[in-house]
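In case you want the letters, here they are:
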Amino acid sequence: MPHQSRTLVGSFNRDLPCGQRAGGNRNAEVADKLGLMHYMEALMVITTAEYIAPMSDENVTVMDTEFSNVAVRLYLPRKASEGLRRAVVYFHGGGWCLGQAGMKSYDHLTRWTSNKLNAVVVSVNYRLAPKYRFPVQFEDVYSVTKFFLQSSVLSQYGVDPGRVCVAGDSAGGNLAAAVAQQLLQDSEVETKLKAQALIYPALQTLDLNLPSYQENENKPILPRSLMVKFWSEYFTSDPSLREAMASNRHVPAESSHLFQFVNWSRLLPEELKKDHVYTSPAYGSSELAQKYPGFLDPRAAPLLVSDAQLRGLPRTYILTCEHDVLRDDGVMYARRLRAAGVPVTHDHAKDAFHGMMMFVLGPTDLAVGHRLLNRYIEWLNENL
């Protein structure tokens, strides 16, 4: 990447955390249109500016290493433990295109988790789009989780095999949900997850015109246009998929049976339906689905599995925010999990927007961010 373009984009909104940068989205568009760099690469420069090296402190030993040939940042508590420790495998957000375990906000979150719970935390640096497409991101986090769940590895780190959780925010919440589902079907994995924690997760690709998408189309942090870019970029840079998703005409008629799993008229409470009227989807091109089948794959869209495949999932924490395009994904998943007999704690923050749990460091240190972070840690402490 040319030094001049790095400097130009890196100077945008330098004082705000990545993913929460006012105008970062617009600036990336400018860089993309000027031909300085790909849109996602421009946003990634901002992410890189947030990187901090692994630093141990008096409570936690921190190191960068690899599990199953995938980069991870490992947090090991220094405090004595009466018995085996708990563990959290964490997947960062960033639309499958951005972010890293070493970002200041993620390092703070995972370090805090390790310290407060006296738990081993594995934060995964999965490979990112546009260089790598689905299912690479999923395969990376799955291989790390499967590696970590081996009895020999758990024993090496002093982890109780009955007290392991997968967790993630946004795209990371998507990956955590998909990993938990896949583990149920994997006969090679003997250790069962005790819990999954999904922080404002993206869970479905079918209907990008849910009430939450409509109401929060132009809200800060994650406007609908950016979420469409993230979704489409996960699978391809072909603008035809992004354009079809933007108009909500990307699902072919032969996949119409999948809409039952994301039918918000059935799965949302009345208070979230408001004055919205459900309309049958307008079908799209079969050719797009044949070229990019990933957007119909449950590993990318965990809401698309059948009710039977939800049974047996571990106890679940879901955080949703009122002012977030992804709100209804989490609400619908909570409803479906409960119906399948899975114990679910669903926290809905009416005063929050997407990414809020990252707003706990200056200069964007907000009380609501601390409240949501503390609630997440409390749930883990009580349920893991």
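For the structure given in this document, a descriptive report is provided here. (Residues numbered from 1 in each chain as written. Predicted model: local features only at pLDDT ≥ 70, side-chain atom pairs only at ≥ 80, totals over all residues. Heavy atoms only, no water.)

The number of helices and strands found in the protein chain is 16 helices and ten strands. Taken over 384 residues, the protein chain has a buried fraction of 58%. Per element, the accessible surface of the protein chain, about 15,200 Å² overall, is 49% carbon and sulfur. (Helix = DSSP H or I, 4+ residues; strand = E, 2+ residues; numbered from the N terminus. Buried < 20%, exposed > 50% of the residue type's maximum accessible area, 1.4 Å probe, protein only. Areas by Shrake-Rupley, 256 points an atom, 1.4 Å probe, with all protein chains shown as cover.)

Burial of strand 7 (residues 315-323) is extensive: seven of the nine residues sit out of reach of the surface. Direction of pairing for strand 6 (residues 195-199) relative to strand 7: parallel, over a ladder of five bridges. From the neighbouring strand, L198 faces strand 7, where its bridge partner is I318. With helix 15 (residues 327-339) bridging strand 7 and its parallel neighbour strand 8 (residues 344-353), the resulting β-α-β unit is right-handed. (Pairing = 2+ DSSP bridges. Right-handed = clockwise from strand over helix to strand, strands pointing away.)

The subject of this paragraph is the packing of aromatic side chains. Across all of its chains, the model carries 17 aromatic pairs by this definition. Between F67 and F147 the ring centres are 5.1 Å apart and the planes differ by 40°, which places this aromatic pair in the tilted class. Of this pair, F67 sits in strand 1 (residues 60-67) while F147 sits in helix 5 (residues 136-148), and the two are 80 residues apart along the sequence. When its relative accessible area of 27% is taken as the criterion, F147 is described as partly exposed. Between F67 and F148, the ring centres sit 6.2 Å apart and the planes meet at 15°, which makes this aromatic pair stacked. Of this pair, F67 sits in strand 1 while F148 sits in helix 5, placing them 81 residues apart in sequence. A cation over a ring is seen here: R127 above Y132, with NZ or CZ 4.9 Å from the ring centre. (Phe/Tyr/Trp six-rings, centres within 6.5 Å; stacked < 30°, edge-to-face > 60°. Lys NZ or Arg CZ within 6 Å of the ring centre and 35° of its normal.)

A word on the nonpolar core. Core analysis: the biggest nonpolar cluster contains 90 residues, and F91, V124, F148, M227, W231, F235 and Y333 have the highest contact counts within it. Here this core gets eight residues from one element, more than from any other, and that element is helix 7 (residues 171-184). Setting aside chain neighbours within four positions, we find W231 in contact with W96, N174, A202, L203, Q204, T205, L208, Y213, M245 and A300. L319, A349, A352 and M356 belong to the second largest nonpolar core, which has 35 residues in total. (Core = buried A, V, L, I, M, F, W, Y, C linked by side-chain atoms within 4.5 Å. Contact = heavy atoms within 4.5 Å.)

Put simply, A129 and P130 share a cis peptide bond, and its omega is 5°. Note that P130 resides in the loop between strand 4 (120-124) and helix 5. A cis geometry characterises the amide bond from G362 onward to P363, with omega recorded as 5°. If you trace the backbone, P363 turns up in the loop between strand 9 (360-361) and strand 10 (364-365).

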